[in-house]
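# Tertiary structure, described
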Amino acid sequence: MRPEPLSRVSLKDYDTRYSGEIDRKVAKALENQLEERMAELQEMLYAQGEHSLLIVLQAMDAGGKDSTIKKVFDCVNPQGVHVYSFKVPTEEERDHDFLWRIHQRVPRKGYIGIFNRSHYEDVLVVRVNDLVPEDVWRKRYEQINQFEKLLTESGTRILKFYLHISKDEQRERFQERLDRPDKNWKFSKGDLDVRKQWDDYMRAYEDVLTYCNTDYAPWHIVPADRKWYRNFVVTKTIVEALESMSLAYPAPEEGLDKIEIPD
Ligand code: ADP
């Protein structure tokens, strides 16, 4: 699920229905434990205030970005988490370099930031729809790597998840959005135009997963047809990353043991 850094990725080698050798019930029980640990680690991250964690989520439509955010982070203190959804750039954003709007949303020390879509749109939708010439988007892989290196060296840990669903699974999820009145709002007719470009998107994703999969800001390809397995993998990966960040509560002020609280 974690390709070797900078090795060529071919998405057909990654099974979207894979669910490990783990049973669903066992995964759910483990996930509950992991969520408790995530809540503790997030509190330490916040209290220590020295590092931040940036989580990038990318997927095709109906790939599960929204529900991953809802399920995986329901255990943490919302005060320490910011979610940002990147949309079509505004005129002001387009008048700057493509990373300008992104940089402003990078989490400050002590916080977890979640990007629902990200700077990777600038080498995905932009590439597939020829929104800028190739010589412009080609340079962006290296520009992104340099940007992510800067963030890492400045105390931000970066984890990137590509939620990998099959085209059949997308059809089923779209159908559900059409059939269920409470899900109609999630469907837009334009989603079908993007679906027609499926193969072009797969090629664009493969390049992202190949060129921008660095040691310091790795991509995780998450099999996402089964929602329970997707949530388990994302939760586990985040907890492992937080565990490796040497988090600790800050030392207390001196003399706290001698303090008597006056009436
Ligand atoms: P979502 O599909 O993430 O739930 P929306 O339906 O509002 O949210 O879609 C956001 C749209 O913004 C997507 O079509 C996405 O491709 C587009 N978008 C995001 N970033 C860029 C960008 N840099 N350039 C062009 N389009 C972008």
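The preceding data block contains the structure.
For clarity, every value in this text was computed on a predicted model and none was experimentally measured.

Rules behind the numbers
- Residues numbered from 1 in each chain as written.
- Predicted model: local features only at pLDDT ≥ 70, side-chain atom pairs only at ≥ 80, totals over all residues.
- Heavy atoms only, no water.
- Helix = DSSP H or I, 4+ residues; strand = E, 2+ residues; numbered from the N terminus.
- Rg over C-alpha atoms; globule rule 2.2 N^0.38 Å.
- Buried < 20%, exposed > 50% of the residue type's maximum accessible area, 1.4 Å probe, protein only.
- Contact = heavy atoms within 4.5 Å.
- Areas by Shrake-Rupley, 256 points an atom, 1.4 Å probe, with all protein chains shown as cover.
- Lys, Arg positive; Asp, Glu negative; His and termini not counted.
- Salt bridge = Lys/Arg side-chain N within 4 Å of Asp/Glu carboxyl O.
- Axes fitted to C-alpha atoms, helices over the stretch in contact; angles between N-to-C directions.
- Parallel < 35°, antiparallel > 145°, perpendicular 65-115°, else oblique.
- Left-handed = near helix turned anticlockwise from the far one by under 90°.
- Near = heavy atom within 4 Å.
- Polar contact = N/O pair within 3.5 Å; in protein donor to acceptor, adjacent residues only side chain to side chain.
- Nonpolar A, V, L, I, M, F, W, Y, C, P; charged D, E, K, R; others polar.
- Phe/Tyr/Trp six-rings, centres within 6.5 Å; stacked < 30°, edge-to-face > 60°.

Turning next to the overall build of the protein. For the protein, the helix and strand inventory stands at ten helices and five strands. In summary, the protein has a C-alpha radius of gyration of 20 Å against a globular reference of 18 Å for 263 residues, a match within 12%. C-alpha atoms of the protein, sized along the principal axes, occupy 70 × 45 × 40 Å. Taken over 263 residues, the protein has a buried fraction of 48%. The long-range fraction of contacts in the protein, counting pairs at least 24 apart against all pairs at least 6 apart in sequence, stands at 83%. When the accessible surface of the protein is split by element, carbon and sulfur atoms take 49% of a total near 14,500 Å².

Mapped onto the elements, glutamate 35 comes out in helix α1 (residues 24-48). Put simply, glutamate 35 is tucked away with no salt bridge, and the nearest opposite charge, on lysine 28, sits 5.2 Å away. With near-sequence residues (within four places) excluded, glutamate 35 lies in contact with Lys71, Val72, Asp74, Cys75 and Thr235.

Close contact between helix α2 (residues 65-72) and helix α10 (residues 227-243) brings their axes to 10 Å; oriented N to C, the two are set at 60°. Of the possible angle classes, the one that applies to α2 and α10 is oblique. Judged by the twist between their axes, the crossing of α2 over α10 is right-handed. From α2, Ser67, Thr68, Lys71 and Val72 reach across to α10, where they touch Arg230, Asn231, Val234, Thr235 and Ile238.

What follows covers the site of the ligand. Close to the ligand lie Asp61, Lys65, Phe86, Lys87, Val88, Pro89, Arg101, Arg117, Glu121, Asp122, Val125 and Val126, which account for all nearby residues. Between the ligand and the protein, one listed contact pairs an oxygen atom with a side-chain N or O atom of lysine 65 at 3.1 Å. The side chain of aspartate 122 places a nitrogen or oxygen atom 3.1 Å from a nitrogen atom of the ligand. Taken by itself the ligand offers 570 Å² of open surface, and the protein chains cover 71% of this. In terms of residue class, the shell around the ligand is built from five nonpolar, no polar and seven charged.

Moving on, we get to the pattern of salt bridges. Think of it this way: side chains of opposite charge can pair up when their charged atoms draw near. On inspection of all chains with the given rule, the structure shows 21 salt bridges. The partner of aspartate 193 in a salt bridge is lysine 196, and the shortest N-O contact between them spans 3.7 Å. Taken together, the positions of aspartate 193 and lysine 196, both in helix α8 (residues 190-196) and three residues apart, correspond to about one turn of that helix. Residue lysine 196 is classed as exposed on the basis of its relative accessible area of 69%.

All right, on to the packing of aromatic side chains then. Using the criterion set out here, one finds eleven aromatic pairs in the structure. Ring geometry for tyrosine 18 against tyrosine 229: centres 6.0 Å apart, planes inclined by 80°, an arrangement best described as edge-to-face. Of the two residues, tyrosine 18 sits in the segment before α1 while tyrosine 229 sits in helix α10, which places them 211 residues apart along the sequence. When the centroid spacing of 6.4 Å and the interplanar angle of 90° are considered together, the rings of tryptophan 137 and tyrosine 141 count as edge-to-face. With tryptophan 137 and tyrosine 141 both in helix α6 (residues 134-153), this residue pair falls four residues apart, about one helical turn. You can call tyrosine 141 buried: its relative accessible area is 5%. Through a chain of ring-to-ring contacts, the aromatic side chains of Tyr18, Trp228, Tyr229 and Phe232 assemble into a single cluster.

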